[in-house]
Structure formats: structure tokens, C-alpha cells
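For reference, the chains in residue letters:
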Amino acid sequence: MEFIYNNICSSDCRSSCRIKTKVQKGRIISIQGDPIDEFTLGSLCAKGYAHLQRIYAPDRITYPMKQMGKGTGNWVRISWEQALREIAQKLIEIRAKHKTLLPVCLNKYLGTMGLLSRSIDGFFNSIGYITLMTGSPCVATGVDALTLSFGACKKPPPEDMLNAGLIVIWGCNPAWTTPHQMRLVFDAREKGATVVVIDPVLTATAARSDLYVQIKPGTDWALARGIAKILVEENLMDQQFVAENTNGWESCKNSLEQLNLDEVASATEVPVAEIKKLAHLIGNTKPMTIWLGAGVQHTSMGGQGFRAIADLAAITGNIGIPGGNIHYGTFDSWGFAGEFTSLEPPDGSKGIPDGEGHYQHRQVGTGRFAELKTMDPPIDFLWVASHNPVAQAPDSNAVKQALASIETVVVADLSLTSTARYADYFLPVASHYEYEDIVVSYWDYGAAVNQKAIEPLGESKSDFEIMRELAVVLNKLAPGFSTFPTDRDATQWLDLEMKPLYPKLGITHYRELINQYRRVDLPRVPWQDREFLTPSGKYEFLTAPCTPLIHASEEVGDYPFRLLPIRSFATLNSQYRNFVSMEELSGRSKVLVNPKTALSKGIEEGTRVKVYNQLGEIVLPAGLSNCIPPDIVSVYIGCDAKEVELNSIIALIDTDLGQLCSGAKGLAFNNTFVNLVRV
Ligand SMILES: Nc1nc2c(c(=O)[nH]1)N[C@H]1C(S)=C(S)[C@@H](COP(=O)(O)OP(=O)(O)OC[C@H]3O[C@@H](n4cnc5c(=O)[nH]c(N)nc54)[C@H](O)[C@@H]3O)O[C@H]1N2
Ligand SMILES: Nc1nc2c(c(=O)[nH]1)N[C@H]1C(S)=C(S)[C@@H](COP(=O)(O)OP(=O)(O)OC[C@H]3O[C@@H](n4cnc5c(=O)[nH]c(N)nc54)[C@H](O)[C@@H]3O)O[C@H]1N2
Ligand SMILES: [Mo]
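Cut-offs used in this document
Residues numbered from 1 in each chain as written. Chains lettered and ligands numbered in written order. Predicted model: local features only at pLDDT ≥ 70, side-chain atom pairs only at ≥ 80, totals over all residues. Heavy atoms only, no water. Helix = DSSP H or I, 4+ residues; strand = E, 2+ residues; numbered from the N terminus. Rg over C-alpha atoms; globule rule 2.2 N^0.38 Å. Buried < 20%, exposed > 50% of the residue type's maximum accessible area, 1.4 Å probe, protein only. Contact = heavy atoms within 4.5 Å. Areas by Shrake-Rupley, 256 points an atom, 1.4 Å probe, with all protein chains shown as cover. Lys, Arg positive; Asp, Glu negative; His and termini not counted. Charge placed at Lys NZ, Arg CZ, Asp CG, Glu CD. Polar contact = N/O pair within 3.5 Å; in protein donor to acceptor, adjacent residues only side chain to side chain. Phe/Tyr/Trp six-rings, centres within 6.5 Å; stacked < 30°, edge-to-face > 60°. Lys NZ or Arg CZ within 6 Å of the ring centre and 35° of its normal. Near = heavy atom within 4 Å. Nonpolar A, V, L, I, M, F, W, Y, C, P; charged D, E, K, R; others polar. Salt bridge = Lys/Arg side-chain N within 4 Å of Asp/Glu carboxyl O. Domains from an automatic or database assignment. Buried area = accessible area lost by both parts, 1.4 Å probe. Pairing = 2+ DSSP bridges. Axes fitted to C-alpha atoms, helices over the stretch in contact; angles between N-to-C directions. Core = buried A, V, L, I, M, F, W, Y, C linked by side-chain atoms within 4.5 Å.

Chemist: I'd like to hear about the overall build of the chain, residue by residue, with values.
Modeler: A tally of helices and strands in the chain yields 23 helices and 29 strands. Rg of the C-alpha trace for the chain: 25 Å, near the compact-globule value of 26 Å for 679 residues, within the 12% margin. Seen through its principal axes, the chain has C-alpha atoms that stretch 75 × 60 × 60 Å. In the chain, which comprises 679 residues, the proportion classed as buried is 62%. In the chain, once contacts between residues fewer than 6 apart in sequence are set aside, the share between residues at least 24 apart is 74%. Here the chain displays about 25100 Å² of accessible surface, and carbon together with sulfur accounts for 51% of that area. For the chain, the centre of its 64 positive side-chain charges and the centre of its 74 negative side-chain charges are spaced 4 Å apart.

Put into C-alpha cells, the structure is as follows:
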């Protein structure tokens, strides 16, 4: 007998692909894209096709383990009973000693976008006020920027790109990171659209564009301001849009008048003639849409960059029209009030006073592991789930040191990640083929049920089951410790979580989504009503003067090369590199250098090169590439996972925004400088 199940990829990705899963005798025998999916049209990416390998990977660990000495590799298999009892006892001990749970810290990210993973936040809310690693290593900067300008992040559906006459892909490499949207970019081009790519690296996307602009990293705000200046001077503006729907134009215009185009050209390394060409394209082609990726927001002035870029859409009136707007992401399809996240701690719990007579969690910004031991009270217990910070947070060595210094570290994951190696307890989670869940996309706002296709492998459990069972054990040992409603099952939770979305999906129960393609009903053209959600109700121009900034050059000192980590089509952050097939597909890890740089350093293709800075060093073979500018070196994110830790030489540098939406500034992964030497 063969059974077919409906699944959806739950990875942190724009595509959220629908999947048809074939099961025979309780084992998955094939995974295919589901043609019902109007965004993917039934195709998956290389990583999606590798799911089968991932589920049954030989290095997947399907039973709980305890490490006798962090980082020693001396793991012993233990029972769930022992794991949960010891973890519960630790929590009880902390509360007894400190009278609060502030020494307990949760660090969670988007390893899965499934709704049930919110049970992790729910569980920690249910026991008291803890220390929460807030913020986002990914989107906080961009979300804050667009929220300041528009009042909220809203995006058109993917297909609206077909209405554009000009598509500006800015700091984004969708040919590798979002291949499904590339279909629409190509279709738009076939219909006559011009495609521009602005990126320091000649990427696979840039190679397919009509105009490629090679910009110096971190100077996007200057380029956008230069373009704006030309739009004003040559009257390529939508005066009516600006007059009726915006705020701050006069000071924005004043700051543009102060700007010198030659200085912009020297700061951005984009010649004046090219800036003009770009301005003419943007000013003369309507509708124009801008796709903002992760590149700009991962620089120290990324927030300012996003706002200056968005201003170009406002100046030209490309907001609120079909084929216009900004493609970035939206919270409208998943930021609804959560049942899990609104769970309240037991009466009498104490946390950080919020000034209004209540308590709240203590917050520490994502990636700031070094702070965990210097807080008062310091962190004694850390739970990491859906995240691999040793690989993905800046300054891996600082992360490892923090993990080593914390008394109890619990990591819930599918295999022994580089973070799990510094854990005391490893809890095996089930893959998303092993329990029912729901994924709602932040890109195309599709909503789908992920059916349980097979039983959890070995003793693995979903995060939800782990949290629920931990609450049961806790309450048995210390009655009333957790308010988590432990008798509610996953189906009931999913129903409760999804209720606010039912009217927007035209359903009365989430299971109606099985076998059909539904999107959350959001306006096809955002901001068509010109009612912006800013305090003024208008689009807010960036008004900060830019002239002083343009003269502030970056300190590079002994490290003359900027290290730009880039994403590979064959990995998802730190994931998938453990499969031989993916390594075969993408080639072995390399440090990519421009041939000119290589010549000056006596490096040839394949030479082993030490890439180093004040934080540490990594050694990799060199790959010579003209796609990388001479003052940049590049390493694929995740492609190093087996041998070296790329982020051990990535500095923790704040971006300029992120605090408003997430409580912590974003991370400027692209602001690290290094030097090279052959070994
Ligand atoms: N295959 C694959 N797909 C993924 C992921 C993955 O790891 N692998 N990760 C997922 C995640 S978490 C995310 S956030 C998205 C991100 O996906 P994208 O938005 O495509 O972002 P990146 O690939 O990080 O960077 C895009 C480009 O920005 C460029 N860049 C770097 N600095 C600058 C700068 O200062 N200015 C400009 N203009 N460009 C710059 C880089 O050279 C790079 O080509 O992809 C998701 N999809
Ligand atoms: N140098 C550099 N560093 C970066 C970036 C960069 O551009 N440059 N990009 C940043 C960005 S944009 C992002 S989003 C972050 C991503 O950083 P992470 O969120 O750490 O990314 P992943 O490596 O994908 O790790 C996710 C982990 O979750 C696990 N997982 C998957 N499903 C589940 C589940 O159901 N339950 C549990 N408990 N675990 C699960 C996976 O096995 C994996 O170990 O990295 C950031 N780091
Ligand atoms: Mo991300």
C-alpha cells in the first residue's frame, strides 16, 4: 500500500513549498513538489529534494543524550524520563535559589516556521519571567526601516512582479535563494520589463540582469541618495504623490541639495554616468518595483539604506500601484495574536518591572552571547531550539565560551550541530514530516497544513511534545510551576492559533486547507488606499542629512579585505552541508578571491589560504573568481560547516535599526574585515 501526504517545507525561506510525500510501509519513498502550489508550480529547490536524505540521515540522532563535560564529545544515551526530570529539577532549583527565573534563557529562531514551534515560547511564558534572546539575526533592521517609512511591512503577491516595467533587485540573490520568484522575474522580462541588480558580487542573479551595478558594500544609502538627487534635479518625480501622501519631503530635499554626486561616486564606487543611467531608468519606467534582500540590511547602515531605497519608490510614485511597491516580506499573514505566546506565568512570578505595574521578560539581543554571563543575575540555564548560533551568530568563539560557562545548556535539534556539541542535554526533534503542523508564508501568504506522513523516527518528538511533557513533569515535581495547558492536544492548539486567520482564508477549520491552495486574503496592491500606518498617516521620508556620513570612511587597519559571506544554493544557513550529494553539487568549500588579489598574495587556484583577523582564522583552499571585487573575499555560508567555522571571524557589529520591532538592533554580518596569507 502506498499513501500520499500533503507537506510543506517549514524552512525559513521565501518559498514555503508545497510537497507531495509518498509513503510505503511507514517509510517515505519519495518527495515531490506539489503542482497545486501556485507559487512554485510543483518544483522544489536542491535542498527540498534533499529532504529525503535529511529525514533518514545517518547522523540524525533520535534519542536523548547527555554530555559528560561540555565539548568533550562524551555523550551517553539517556531516557526521556531522565532528560526531562533532570531539566525540570534544574529549573526548580533555579527558582528556589533566585526567587525568579531570570537566570533561565531561551534562544530560539526559525529552524522551522511551523506554528507549533511557538509552543517553545509558550512554555517559557508559562513558567515565569525569563531572559529572552530577542531580536532577529535576519530581518529586524529591514522591518524597522520599512515600518518607519510606511508604518508596516506589506508586500504585493509574487505575481505582481509581472506588472512591473522595471524590477530593481537590491542586495538579493534570488537565483540561489528564491528560485521560484525568478520564474516571475524572467516572465516579466519576457513581457518587456528591465531587470537591474545592485550587488557588490556578480551573482547568478546579476549575471541574468539587464543592468548590473557593482556597488561597494554598505554604501547603498549613498547610491540611493545620489539617484534621488538626480530624480529631483531632472524632475523625474511624481510631484502629486509626494505632495499628497508623504511627510518630510522638504528636509529630505534639502539634504539632497547638499549632496555632491562625485562624492557619491567615490563612496559607492559607482561612476556618476552609471548613477545617472540608473536614475533615468528609475525615473522613466513606471511601474517600478524594488526587491530588497538581506545584503543591505546586514551592513551597519542597512536600516538607513533600506529607507533611502524605499524613498526612491515614493519620489517616483511607485507605491500603491500594481507592479510597484517593495517586495520584502509581510507580517500580516503570520503576525496574528498567538495563543501560545499569550500564555501567562504563574501568579506571583517576578521579572523586570515594565513601569506599568507588571513584569516582563528580561531581554538580551540576539547573538550577544558574551553578555549572558555578565548579567545580574547571570544565566545558568540556556535552551536553544530551531537555531544553530555557534555556526550562525557572530563571533563563534564567544558563543562557545558562553555556552561552556553556562551550567546547563539544552539543545533541541535533529543532529549534533556545532551548537549541540556545547550542550549538556541533546533532545532529538522530529522532522516536519513526523507531526501535523501549519506553515503560513511571509512571502506569498500561502497557508498549508503539513500532514503527519510518518511516525517520529526513533524516540524523537516535536518541540511541542517536548514542551508539553516538560510542563507535565515540572508540575508533578513542583505543582503549579507551569501554566501550560497540558491536556490540550496539537490539533486543538493549531485550531486556536489559526482562528484569527480563518475569515481571511475562507475556512472554518484548518484541516480544510488540506488538498487545496489558499492564501491569506491580503490586498493585491498594498497601500492602494494611501493610508500609511505611520503616526502621520503619510509615507515618511528619511530626513537625516547624508553629507557628514559620506565622509566617514570605515576603519580597515590591518585587515584590508571585506569578508562577504554569501549564501549557497545548496545549503540553508548551516544546514544540508552534511550530505555528500549537496557537497558534490556545490563543490568543496573555498575562499573566493579576485585573480588580482590572488596575484598580489601569491595565491593560485587551490592554494590553501589563511583568512584571519582580530577574532581568529580559518583556512580554506582559494577559488579564483572575477565575480568578486579585488577588495572583497567571500565564503559560502554553511559550506564550511564540516571543517571550519566561518562566523569565528565574523565580528559582532550592530546595524542602525532593529530595536523598535524586535527589542534589539540587527547584526551587520557584512562589516567584517580580514587579511589573507598562503599557508
Ligand atoms: N539557498 C539558500 N536559500 C536561502 C537561504 C540559504 O542559506 N540558502 N537562507 C534564507 C534566509 S535565512 C534568508 S535571510 C534569505 C536571504 O536571501 P537574499 O536576500 O538573497 O540574501 P543574501 O543571499 O544574504 O544576500 C544577497 C546579496 O547581497 C549582497 N550584498 C552583501 N552586502 C551588500 C551591500 O552592502 N549592498 C548590496 N547592494 N548588496 C550586498 C551579497 O553579495 C548577496 O549576493 O535567503 C533564504 N533562502
Ligand atoms: N556570516 C553570516 N552569518 C549569518 C548570516 C549571514 O548572512 N552571514 N545570515 C543570518 C540570517 S539571515 C539568519 S536567518 C540566521 C540563521 O541562523 P539559524 O537559525 O541558526 O539557521 P540554520 O543554520 O538554518 O539553523 C536552524 C537550526 O534549526 C534546526 N531545526 C530545523 N527544524 C527544527 C525543528 O523543528 N525544531 C528544532 N528544535 N530545530 C529545528 C536545524 O536542524 C538547524 O540546526 O543566520 C544568520 N547568520
Ligand atoms: Mo535570514
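Back to the text.
Chemist: Could you give an account of the side chain of Thr131, naming the residues involved and the relevant values?
Modeler: Following the sequence through the fold, Thr131 ends up in strand S7 (residues 131–134). Of the polar contacts made by the side chain of Thr131, one reaches the backbone oxygen of Leu102; its length is 2.5 Å. With near-sequence residues (within four places) excluded, Thr131 lies in contact with Leu101, Leu102, Val104, Cys105, Leu106, Arg362, Val364, Met375 and Ile379.

Chemist: Just give me the short version of the packing of aromatic side chains, but keep the residues and values in it.
Modeler: Enumeration according to the criterion identifies 22 aromatic pairs in this entry. Both rings, one in Trp176 and one in Phe569, keep their centres 5.2 Å apart while their planes meet at 65°; by these two values the pair is edge-to-face. With Trp176 in helix H6 (residues 174–177) and Phe569 in the loop between strand S24 (561–567) and helix H21 (580–586), this residue pair connects regions lying 393 residues apart in the sequence. In this structure Phe569 comes out as partly exposed when scored by relative accessible area, which is 25%. Across from the ring centre of Trp493, 4.5 Å away, lies the NZ or CZ of Arg488, which sits over that ring. Taking NZ or CZ as reference, Lys610 lies 5.3 Å from the ring centre of Tyr612, over its face.

Chemist: Account for the site of ligand 1, naming residues and giving values.
Modeler: Close to ligand 1 lie 33 residues, the nearest being Asp199, Asp220, Arg567, Thr571 and Asn573. Asp199 has a polar side-chain atom sitting 2.6 Å from an oxygen atom of ligand 1. Isolated, ligand 1 exposes 910 Å² of accessible area, and the fraction of that covered by the protein chains is 96%. Those elements that place two or more of their residues in the shell around ligand 1 are H6, helix H13 (294–297) and S24. Looking at the shell around ligand 1, its residues break down into 15 nonpolar, 12 polar and 6 charged.

Chemist: Let's hear about the pattern of salt bridges: which residues, and what values?
Modeler: Under the defined criterion, the tally for this structure stands at 26 salt bridges. Note that Asp238 and Lys286 form a salt bridge whose closest N and O atoms lie 2.8 Å from each other. Note that Asp238 is positioned in the loop between helix H8 (220–233) and helix H9 (239–245) and Lys286 in the loop between helix H12 (272–284) and strand S12 (288–292), a separation of 48 residues in sequence. Salt bridges here are not isolated pairs; linked through shared partners, they connect Lys90, Glu93 and Glu407.

Chemist: Can you lay out the domain arrangement of the chain for me, pointing to particular residues and giving the numbers?
Modeler: Assigned domains of the chain: these are domain 1 (2–55), domain 2 (65–137 + 339–519), domain 3 (156–328 + 526–549) and domain 4 (554–678). Relative placement of domain 1 and domain 4: their C-alpha centres are 31 Å apart. Domain 1 puts 8 residues into the contact, and the matching count from domain 4 is 10 residues. Buried surface at the junction of domain 1 and domain 4, both sides included, amounts to about 810 Å², of which 61% is carbon and sulfur. Interface area lost by domain 1 to domain 4 is led by Lys47, Gln53 and Arg54, which between them contribute 60%. If you look at where domain 1 meets domain 4, you find 0 salt bridges.

Chemist: Quick rundown of the sheet that holds strand S27 (residues 616–624)? Include the residues and the values.
Modeler: The 6 strands are arranged S24-S28-S25-S27-S26-S29 in a closed barrel whose pairing can be described as mixed. The mean inter-strand angle of the sheet, taken between neighbouring strand axes irrespective of direction, is 45°. Across 3 bridges, strand S25 (residues 591–593) lies against S27 in parallel orientation. Counted as the bridge partner of Val591 is Ala622 from S27.

Chemist: Requested: an account of the site of ligand 2, with residues and values cited.
Modeler: Around ligand 2, a shell composed of 30 residues is seen, among which His387, Asp413, Asp463, Ser574 and Gln575 lie nearest. Within the side chain of Arg567, an N or O atom sits 3.0 Å from a nitrogen atom of ligand 2. For ligand 2, the accessible surface in isolation is 910 Å², of which the surrounding protein chains cover 95%. Those elements that place two or more of their residues in the shell around ligand 2 are strand S18 (408–413) and S24. In terms of residue class, the shell around ligand 2 is built from 13 nonpolar, 12 polar and 5 charged.

Chemist: Account for the nonpolar core, naming residues and giving values.
Modeler: Core analysis: the largest hydrophobic core is formed by 84 residues, its most contacted members being Phe123, Phe124, Phe381, Trp383, Leu427, Leu470 and Met498. With 7 residues, the top contributor of residues to this core is helix H3 (residues 80–98). Looking at which domains feed residues into this core, each of domain 2 (65–137 + 339–519) and domain 3 (156–328 + 526–549) supplies at least three. Formed by 60 residues, the second largest nonpolar core is a distinct cluster that contains Val143, Leu256, Ala313 and Ile326.

Chemist: Could you give me a rundown of the environment of Asn318, with the residues and numbers involved?
Modeler: Its location among the elements puts Asn318 in the loop between helix H14 (302–315) and strand S13 (326–327). We classify Asn318 as buried; its relative accessible area is 0%. With 92 residues separating them in the primary sequence, Asn318 and Gly226 have C-alpha atoms 18 Å apart. Once residues lying within four places of it in the same chain are set aside, the contact partners of Asn318 are Thr285, Lys286, Pro287, Met288, Ala313, Gly324 and Asn325.

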